[in-house]
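# What the coordinates show
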Amino acid sequence: GKVVIVDLRTGKQLRELNHHPEKVATRLGFSPDGRWLAGSGDDTGVWLWDLRTGKRARTYNPQDDEPWFAFSPDGTRIVVAEERLAVYP
């Protein structure tokens, strides 16, 4: 039910991101600018965390049980793939 961010140089935990106590994030991805972390899992939607605050900024709830996502190269948009592609700022 959580995602842990660890500093690879020191091994210290930097932040713990909670998303849902009973759901597991099976896919994670950083935005190209390093500001956002997106995650999804089976029947979870797509979570988007603001890494500056450590808080969940949004949850996208597509109809698909296993949504996929990708960031635009400049990090200003996220696309959520389901039956149709949806692009969000």
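The following refers to the structure shown. (Residues numbered from 1 in each chain as written. Predicted model: local features only at pLDDT ≥ 70, side-chain atom pairs only at ≥ 80, totals over all residues. Heavy atoms only, no water.)

A few words now on the environment of Phe30. Note on placement: Phe30 falls in strand S3 (residues 27-30). Its relative accessible area of 53% is what places Phe30 among the exposed residues. Measuring from C-alpha to C-alpha, the distance between Phe30 and Arg52 comes to 13 Å, with 22 residues separating the pair along the chain. Setting aside its immediate chain neighbours within four residues, Phe30 contacts Trp36, Leu37, Leu51 and Phe71. (Helix = DSSP H or I, 4+ residues; strand = E, 2+ residues; numbered from the N terminus. Buried < 20%, exposed > 50% of the residue type's maximum accessible area, 1.4 Å probe, protein only. Contact = heavy atoms within 4.5 Å.)

Across residues other than glycine, the phi torsion is negative in most instances, and most of the peptide bonds are trans. The phi angle at Asp43 is positive, at roughly 60 degrees, despite the residue not being glycine. Along the chain, Asp43 falls in the loop between strand S4 (36-40) and strand S5 (46-50).

The strand order S3-S4-S5-S6 describes an open sheet built from 4 strands, whose pairing is antiparallel. Edge strands, defined here as strands with exactly one partner in the open sheet, are S3 and strand S6 (55-60). Put simply, the sheet's adjacent strands are angled 20 degrees from each other on average, direction ignored. Pairing between S4 and S5: 5 bridges, direction antiparallel. Looking across to S5, one finds that Ala38 is bridged to Leu48. (Pairing = 2+ DSSP bridges. Axes fitted to C-alpha atoms, helices over the stretch in contact; angles between N-to-C directions.)

The next point concerns the side chain of Ser31. Within the fold, Ser31 resides in the loop between S3 and S4. Taking relative accessible area as the criterion, Ser31 reaches 4% and is therefore assigned buried. Within the structure, Ser31 has its side chain in polar contact with the side chain of Asp33 (distance 2.5 Å). Within polar-contact distance, the side chain of Ser31 engages the backbone nitrogen of Arg35 at 3.3 Å. Non-local contacts of Ser31, meaning those with residues more than four positions away in its chain, are made with Trp36 and Phe71. (Polar contact = N/O pair within 3.5 Å; in protein donor to acceptor, adjacent residues only side chain to side chain.)

The values reported here are purely geometric and, on their own, carry no functional implication.
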